[in-house]
Amino acid sequence: MRKYLFLALLIVYPVTVAAQGTEEDQIREAIGKYDVGTAYNHADMVLEAFMPGADMFLENRDQELWIMKIEDYAGRIANQEAGKFNGRLTNTLAIDRFGNIATAKLEVIIPTMGRRFIDMLLLKKLDDGWKIISKTATSEPSPRTGKKVLMVVSSATQQGDSALPAGNSFAELVIAYDEYYKAGYHIDVVSPKGGKVPLAYVNPADSLESQYLYNADFMYAMANTKTPAEINPDAYQIVQFTGGSAPIFDIPQHQALQNIAMHIYEKNNGVIAAVCHGTAALVNLKTSNGNYLVAGKQVNGVPDILERKDLPHYKQYPFIIEDLLVERGGIFRHAEIATPHMEVDGRLVTGQNSLSSAMVTRKSIEISQRKENEDS
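Residues numbered from 1 in each chain as written. Predicted model: local features only at pLDDT ≥ 70, side-chain atom pairs only at ≥ 80, totals over all residues. Heavy atoms only, no water.

Quick notes on the overall build of the protein chain
1) Next: Helix and strand counts for the protein chain come out as 10 helices and 16 strands.
2) Next: What you see for the protein chain is a C-alpha radius of gyration of 22 Å, in line with the 21 Å of a compact globule of 376 residues.
3) Next: By its C-alpha atoms, the protein chain is 65 × 50 × 40 Å across when sized along the principal axes.
4) Next: Among the 376 residues that make up the protein chain, the fraction classed as buried is 52%. (Helix = DSSP H or I, 4+ residues; strand = E, 2+ residues; numbered from the N terminus. Rg over C-alpha atoms; globule rule 2.2 N^0.38 Å. Buried < 20%, exposed > 50% of the residue type's maximum accessible area, 1.4 Å probe, protein only.)

Encoded structure:
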């Protein structure tokens, strides 16, 4: 499994640069070599990412400032088994470029050490491309486990062919994100097109929403979501679809995202979760034997009786979520009013509205952890 992840990463970075060739892509390529090289013990990739002679300003138990040359750092990596995943998980939190210089902020989780590292990289464009010219790092104790969840959001900015704006429910997104983060999960966010996604129904007066609205790392993730091609489905135990006005217009029709979700569900014995209009993502999901995922299962989502049918957006829907779930064989159950409601059927967890987001997420974590204990 880890071998395929390594191969996927090797493919993704060069293809991205070749296809787009932007300065940011080339910066990401250098960071990617550093990421893959350190996670899979490939000293040559790490050296390729850095300028020769680059300094690393680190810490250890005995020295407040421990300066190491990149060649010495790579030498330590070379002593490990090349190609073997060492448990190191890296997430890019920020990239800021001005002309031919840039900074990058990385989060590095090493579950075996129980620590979270923050790497700050300084990069410069040289004759042979973008290189990391120095690095500094610090760390803190962390309960992060290395388990991964994939959150799926929409790229749609308009509702159908209309001029009506569309977006992802900010509340549903941050509630789920916060629950997974507190549970120690590594969270990746994917969208059909990748990159920035539209956010809707933001309530700055809500304490949790305000916390994430002004969280630079989180907002960077929303502006730099992954493409389906960058996702290795072997890595995830849970996939969750959040709602809003946008998902119905591009998620259910996206075959690559459907394939990823069913891989996680069937091959990883993982959990599929969806909330409110995010349950639109379930209508076309099929198992390997060709049956609809929801057939014979208890499901929930936004009930048609609670839709605002008098508003223009309702006429833009390509289908009615409740009707199509039922047509696909789902046993649709819901609350008659806007109240938290959830249905659980095996490893399928569905919720009615944003008020249900926390309970859906917690139940998904519970099921995933119970399954893991049963398999161990």
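Some remarks on the sheet that holds strand S6 (residues 129-141)
Strand pairing in a sheet takes place through backbone hydrogen bonds and is either antiparallel or parallel in direction.
1) Next: Across the sheet, 6 strands lie side by side as S2-S1-S6-S5-S4-S3; this open sheet has mixed pairing. Among the strands making up the open sheet, the edge pair consists of strand S2 (66-69) and strand S3 (89-98). Here the strands of the sheet are splayed against their neighbours by 15° on average, with no regard to which way each runs.
2) Next: Where strand S1 (residues 50-58) and S6 come together, 4 bridges link them in parallel fashion. Its bridge partner being in S6, Asp55 is matched across the sheet by Ser134.
3) Next: Against the sheet, helix H4 (residues 70-78) contacts S1, S2 and S6, and its axis sits at roughly 80° relative to S2. (Pairing = 2+ DSSP bridges. Axes fitted to C-alpha atoms, helices over the stretch in contact; angles between N-to-C directions. Contact = heavy atoms within 4.5 Å.)

Some points on the pairing of strand S12 (residues 271-275)
1) Next: For S12, a buried count of 5 out of 5 residues is recorded, marking the element as mostly surrounded by other parts of the structure.
2) Next: Of the two faces of S12, both are covered, the one formed by Val271, Ala273 and Val275 as well as the one formed by Ile272 and Ala274.
3) Next: For strand S11 (residues 238-241) and S12, the ladder comprises 4 bridges, and the chain directions are parallel. Bridge pairing in S12 places Val239 opposite Ile272.
4) Next: Taken together, S11, helix H8 (residues 255-267) and S12 form a β-α-β motif whose crossover is right-handed. (Right-handed = clockwise from strand over helix to strand, strands pointing away.)

What to know about the side chain of Asp250
1) Next: Relative to the elements of secondary structure, Asp250 occurs in the loop between S11 and H8.
2) Next: The side chain of Asp250 is buried and forms no salt bridge, while Lys193, the nearest opposite charge, is found at 6.9 Å.
3) Next: Excluding residues that lie within four positions of it along the chain, Asp250 makes contacts with Ser154, Ser155, Ala156 and Pro192. (Lys, Arg positive; Asp, Glu negative; His and termini not counted. Salt bridge = Lys/Arg side-chain N within 4 Å of Asp/Glu carboxyl O.)

Digging into the nonpolar core
1) Next: Core analysis: the largest hydrophobic core is formed by 65 residues, its most contacted members being Tyr180, Phe241 and Ile272.
2) Next: Excluding anything up to four places from it in sequence, Tyr180 contacts Val149, Met151, Tyr185, Ile187, Ile238, Gln240, Thr361, Ser364 and Ile365.
3) Next: Judged by nonpolar contacts, the second largest core, of 26 residues, contains Tyr73, Ile95, Trp130 and Ala137. (Core = buried A, V, L, I, M, F, W, Y, C linked by side-chain atoms within 4.5 Å.)

Section: the side chain of Asp234
1) Next: Structurally, Asp234 can be placed in the loop between helix H7 (216-223) and S11.
2) Next: Despite its burial, Asp234 remains without a salt bridge, the nearest opposite charge being carried by Lys267 at 7.0 Å.
3) Next: At a separation of 2.7 Å, a polar atom in the side chain of Asp234 contacts the side chain of His263. (Polar contact = N/O pair within 3.5 Å; in protein donor to acceptor, adjacent residues only side chain to side chain.)

Focus: the packing of aromatic side chains
The geometry of two aromatic rings is summed up by the distance between their centres and the angle between their planes.
1) Next: Enumeration over the complete set of coordinates arrives at 8 aromatic pairs.
2) Next: Judged by centre distance (5.7 Å) and plane angle (75°), the ring pair of Tyr34 and Phe50 falls under edge-to-face. In this pair, Tyr34 sits in helix H2 (residues 23-39) while Phe50 sits in strand S1, placing the two residues 16 residues apart along the sequence. Of the two residues, Tyr34 and Phe50, both sit in the buried class.
3) Next: Taking 5.8 Å as the distance between ring centres and 75° as the angle between the ring planes, the aromatic pair formed by Tyr177 and Tyr212 counts as edge-to-face. Residue Tyr177 is located in helix H5 (residues 170-182), and its partner Tyr212 is located in helix H6 (residues 207-213); the two are separated by 35 residues in the primary sequence.
4) Next: The class of Tyr212 is buried, set by a relative accessible area of 4%.
5) Next: When the ring centre of Tyr292 is taken as reference, the NZ or CZ atom of Lys286 above it lies at 4.9 Å.
6) Next: Residue placement shows Arg347 over the ring face of Tyr265; its charged tip is 4.3 Å from the ring centre. (Phe/Tyr/Trp six-rings, centres within 6.5 Å; stacked < 30°, edge-to-face > 60°. Lys NZ or Arg CZ within 6 Å of the ring centre and 35° of its normal.)

Re the sheet that holds S12
1) Next: Strand order in this open sheet of 6 strands is S9-S7-S11-S12-S16-S15, and the pairing throughout is mixed. Two strands close off the open sheet at either side, each with one partner strand: strand S9 (186-190) and strand S15 (342-345). On average, adjacent strands in this sheet sit at an angle of 15° to one another, irrespective of strand direction.
2) Next: Sheet analysis places S12 next to strand S16 (residues 348-351), joined by 4 bridges and oriented parallel. Along S16, the bridge assignment pairs Val275 with Gly351.

Topic: the pairing of S16
1) Next: Neither face of S16 is left uncovered, since the one carrying Leu348 and Thr350 and the one carrying Val349 and Gly351 both have all their residues buried.
2) Next: Both S15 and S16 contribute to a ladder of 4 bridges, which runs antiparallel. Looking across to S16, one finds that Asp345 is bridged to Leu348.
3) Next: From the end of S15 to the start of S16, which pair antiparallel, there are 2 residues, and Gly346 there has a positive phi angle of about 65°.

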